[in-house]
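# Chain and residue survey
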Amino acid sequence: MSDQRLLTIPTFTIMLEHHTIMRDVIRTMDEGGEPYVREASFISRLHRYIQGQSKEKQKQLRTAFSTDNLLASHILVDKDEFGGESRLIFDRAVIGVFRLFDRSLFQDLTDVALKIQLGGIRLLLGKLQSGSMLYSDSDLDFKELIDELFHQLSELLNSIRLNLVKMQTINQELSDASELAAKSHNPQVFSALQQESIEKISLLLSRHILPTRQFLDEKSRLNDGPNLFECLQNLRSQFDQHQDHQRANAMLRYEVSFNSFHKQISKVSQSVDQFLARSKKRLQQFNAIEGAFSELVNALDATKQNLKRSQIDGQFARDNGSFMGLMQQARPKVLRISSSEAYLNNVVSDIEARVVDRSLLEQSRYVDLVSVKDDSTEQRLARAEQIFELVKDMKMAEYQDLTLSLHRRLKDYFSDYHFVDLLEGLNFILRSEAMLDGHTLKMTNFRQRLAQGDNIYLYRKIRTERVIQ
């Protein structure tokens with residue numbers, strides 16, 4: 001390293017310009033769960049970075065990032081030897097600045113860190129309640145206590161806010177982890193990725209999310225003293241007693257802010273719980289499939305070794321239990337939904353036609369239609385006239401199955417609808433150019449079934465197409 005020295009501002013400016021070095025250092029510290037970085041690892045990372053720089057820039061970086069210069073500029077607070085290794089401990093404020101550049105570097109709050117900060121607030125509350133100092137801003141001890149109190153509350157609020165921002169990105173991380181596992185065609189890789197994902201998220205949930213959630217729960221009770229909200233309420237009470245309403249209102253705002261964080265982190269906790277439940281179920285299903293497959297392979301090998309056995313016997317299915325009755329299950333029906341223009345036009349036309357039919361009923365023109373079985377000529381003629389008047393006013397559209405469409409439209413307007421009504425309606429349409437309204441009929445060779453009561457009727461599909469003038 002270089003023997004030259006730089007002042008603190010030029011050194012920090014160069015560090016900010018090449019912030020990727022410190023970001024990698026912080027990520028290494030977080031992954032190892034250590035508050036320091038090994039000097040050998042730091043120098044190695046620096047050398048890799050400066051390889052692509054010019055000679056002048058390399059000299060500048062060696063000078064700025066040299067251990068002696070970092071110590072002299074107070075960016076490093078200590079360099080010690082432990083276990084035969086040299087360790088570098090950076091100033092926490094410097095590390096905090098570089099954490100702001102990347103959400104993934106926001107430090108996770110642990111149960112220990114939260115309790116340490118809560119302990120500091122309790123200590124200040126105890127001094128304020130003791131009455132050992134004059135409650136006046138002119139008293140330097142009181143002024144320092146109040147400044148330290150608001151500093152700790154602001155620092156705690158900011159730590160939780162940054163931690164929450166990082167946690168809220170966890171859904172994307174979970175989605176990426178699931179997608180990575182799903183893309184793997186190797187069963188062993190899939191199982192390993194799923195297991196690693198579950199372990200990582202479980203650790204995050206138990207060590208960071210749940211402690212923070214409990215810490216922000218105003219209903220939680222702690223054996224060693226008041227919780228955060230009880231401290232804030234006691235502080236507000238102290239300020240109110242001394243008519244310091246501004247500081248009392250500030251304590252109330254802190255209560256509201258911390259309470260809102262509890263609601264947000266609860267949502268994160270629920271999403272993580274759901275992911276873990278899905279992942280564990282998926283892994284159990286995968287292991288069950290793998291176990292069944294291995295048994296099936298062993299049964300298959302038995303048929304290869306014994307020439308008298310040509311098939312796997314039913315004992316495998318009976319022992320496994322997952323395949324019993326599988327052949328008796330009906331195959332799923334295909335939902336024929338098409339994105340073609342003709343299909344969409346047909347759907348839109350049918351909707352438009354039904355809307356027009358509904359408007360006819362709203363006008364109360366066909367509310368008295370009743371379907372009655374009567375063999376008298378007079379009743380049959382009256383019935384046919386009613387069907388004729390109804391079909392004549394219905395809007396014609398392009399249909400892939402005219403019979404089915406007319407059946408669906410007629411049955412809604414008769415309290416006792418019969419299949420003969422459908423035949424009467426078809427008869428009128430097929431014989432009337434006016435009812436076709438510029439459409440032509442195409443008789444197809446496709447057969448279709450239509451159920452009416454206990455009877456099933458077989459008919460040929462009739463398609464209607466608009467004649468383009």
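Now for a description of the structure that goes with this document. In every chain, residue numbers begin from 1 and rise along the written sequence. Note on the predicted model: pLDDT of at least 70 is required for a residue's local features to be given, and 80 or more for side-chain atom pairs to be given and counted; whole-chain, interface and lining totals, by contrast, use all residues. Remark: hydrogens and water are excluded; side-chain values derive from all non-hydrogen atoms of the structure.

## Overview of unusual backbone geometry
Unusually for a residue other than glycine, His 74 sits at a positive phi of about 65 degrees. Structurally, His 74 is set in the loop between α5 (67-72) and β2 (76-82). Burial status follows relative accessibility: with a 1.4 Å probe on protein chains alone, a residue under 20% of its type maximum counts as buried, one over 50% as exposed, and anything between as partly exposed. Relative accessible area serves as the criterion here: at 58%, His 74 is assigned to the exposed category. A positive phi angle, close to 60 degrees, is found at Gln 243, a residue other than glycine. Secondary structure counts use DSSP, requiring at least four H or I residues in a row for a helix and at least two E residues in a row for a strand, with both numbered from the N terminus. Of note, Gln 243 is situated in the loop between α11 (228-241) and α12 (245-305).

## Topic: the nonpolar core
Grouping buried Ala, Val, Leu, Ile, Met, Phe, Trp, Tyr and Cys residues that are joined through side-chain atoms within 4.5 Å yields what is termed a nonpolar core. Counting residues in hydrophobic clusters, the biggest one holds 41 residues, and the most contacted among them are Leu 228 and Phe 258. Of all the elements in the fold, those that place two or more residues in this core are α7 (111-130), α8 (140-168), α10 (187-215), α11 and α12. The greatest single-element share of this core, amounting to 11 residues, is contributed by α12. Residues count as neighbours in contact if any of their non-hydrogen atoms are within 4.5 Å of one another. With residues near it in sequence (within four places) discarded, Leu 228 still touches Leu 118, Ile 121, Leu 156, Phe 215, Leu 216 and Phe 258. Residues Ala 384, Met 396, Leu 402 and Phe 428 belong to the second largest nonpolar core, which totals 25 residues.

## A look at the packing of α7 against α11
What counts as an axis is a line fitted to C-alpha atoms, over the stretch in contact for a helix, and the angles between N-to-C directions run from 0 to 180 degrees. Following both chains from N to C, one finds α7 and α11 inclined at 25 degrees, their axes separated by 10 Å at the closest point. Compared by their axis directions, α7 and α11 come out roughly parallel. In this structure, α7 crosses over α11, and the sense of that crossing is left-handed. Residues Leu 118, Ile 121, Arg 122, Leu 125, Leu 128 and Gln 129 of α7 form the contact with α11, whose participating residues are Leu 228, Cys 231, Asn 234, Leu 235, Gln 238 and Phe 239. Put simply, Ala, Val, Leu, Ile, Met, Phe, Trp, Tyr, Cys and Pro go in the nonpolar bin, Asp, Glu, Lys and Arg in the charged bin, and everything else, Gly too, in the polar bin. Considered class by class, the residues forming the contact of α7 with α11 number 8 nonpolar, 3 polar and 1 charged. When an angle is under 35 degrees it counts as roughly parallel; over 145 it counts as roughly antiparallel; between 65 and 115 it counts as roughly perpendicular; any other value is oblique. Helix crossings fall into two classes, left-handed where the near helix is turned counterclockwise from the far one by less than a right angle and right-handed where it is turned clockwise.

## Overview of the packing of aromatic side chains
The pairing test for Phe, Tyr and Trp rings, Trp by its six-membered ring, is centres within 6.5 Å, and the orientation test on the planes gives stacked under 30 degrees, edge-to-face over 60, and tilted for anything in between. Applying the stated criterion to the full structure yields 7 aromatic pairs. For the pair Tyr 135 and Phe 142, a centre-to-centre distance of 4.4 Å together with 50 degrees between the ring planes defines the contact as tilted. Its relative accessible area of 22% is what places Tyr 135 among the partly exposed residues. Residue classification places Phe 142 among the buried positions, given a relative accessible area of 1%. A ring has a charge above it when a Lys NZ or an Arg CZ is no more than 6 Å from the ring centre and no more than 35 degrees off the ring normal. Above the ring of Tyr 36, the side-chain terminus of Arg 87 is found at 4.2 Å from the ring centroid.

## Topic: the sheet that holds β2
Being paired, for any two strands, means DSSP has found at least two bridges between them. Here we have 3 strands laid out as an open sheet, ordered β1-β3-β2, and antiparallel in their pairing. Each having just a single partner strand, β1 (37-38) and β2 make up the two edges of the open sheet. Bridge count for β1 against strand β3 (residues 85-90) is 2 bridges, and the pairing is antiparallel. Residue pairing across strands places Arg 38 opposite Arg 87, the latter belonging to β3.

## Here's the deal with the pairing of β3
Direction of pairing for β2 relative to β3: antiparallel, over a ladder of 6 bridges. Counterpart to Leu 76 in the pairing with β3 is Phe 90. Between β2 and β3, which follow one another and run antiparallel, lie 2 residues, and Gly 83 among them has a positive phi close to 60 degrees.

## Looking at the pattern of salt bridges
When a carboxyl oxygen of Asp or Glu is within 4 Å of a side-chain nitrogen of Lys or Arg, the pair counts as a salt bridge. The final tally for this structure, using the stated rule, is 13 salt bridges. Between Arg 27 and Asp 24 there is a salt bridge, with the nearest N and O atoms lying 3.6 Å from each other. Here the residue Arg 27 and the residue Asp 24 both occupy positions in helix α2 (residues 19-32), the gap between them amounting to 3 residues, near one helical turn. The partly exposed category is assigned to Asp 24, whose relative accessible area is 26%. One salt-bridge network, held together by shared partners, links Asp 24, Arg 27 and Arg 45.

## Concerning helix α16 (residues 402-410)
Where burial is concerned, most of α16 is hidden: 7 out of the 9 residues are buried. Considered for burial, the residues of α16 that qualify are Leu 402, Thr 403, Ser 405, Leu 406, His 407, Arg 409 and Leu 410. Polar contacts, as used here, are pairs of N or O atoms within 3.5 Å; protein pairs need one atom able to donate a hydrogen and one able to accept it. Residues neighboring in sequence count only if both atoms are side-chain atoms. For α16, the side-chain oxygen to backbone nitrogen distance between the N-cap and Thr 403 is 3.3 Å, and the N-cap itself is Asp 401.

## Let's talk about helix α6 (residues 92-99)
If you check which residues of α6 are buried, you get Val 94, Ile 95, Phe 98 and Arg 99. The arc enclosing the buried residues of α6, seen along the axis, measures out at 140 degrees, which places them on a common side. Facing away from the buried side of α6 by more than 90 degrees, the exposed set consists of Arg 92 and Ala 93. Those residues of α6 that are buried lie in contact with α1 (8-17), α2 and β3. In this structure Asp 91 caps α6, since a side-chain oxygen of it lies 2.8 Å from the backbone nitrogen of Ala 93. The directions from the helix axis to the C-beta atoms form the arc being described.

## Observations concerning the pairing of strand β5 (residues 455-466)
Pairing analysis gives 11 bridges linking strand β4 (residues 439-452) to β5, with the strands arranged antiparallel. Bridge pairing in β5 links Leu 450 to Tyr 457.

## Overview of the packing of α11 against α12
Where α11 meets α12, the axes come as close as 7 Å, and the angle between the chain directions of the two elements is 165 degrees. Relative to α12, α11 is oriented roughly antiparallel. Considering the relative orientation of α11 and α12, their crossing is left-handed. Across the interface between the two elements, Leu 228, Phe 229, Leu 232, Gln 233, Leu 235, Arg 236, Phe 239 and Asp 240 of α11 pack against His 245, Arg 247, Ala 248, Met 251, Leu 252, Tyr 254, Glu 255, Phe 258 and Asn 259 of α12.

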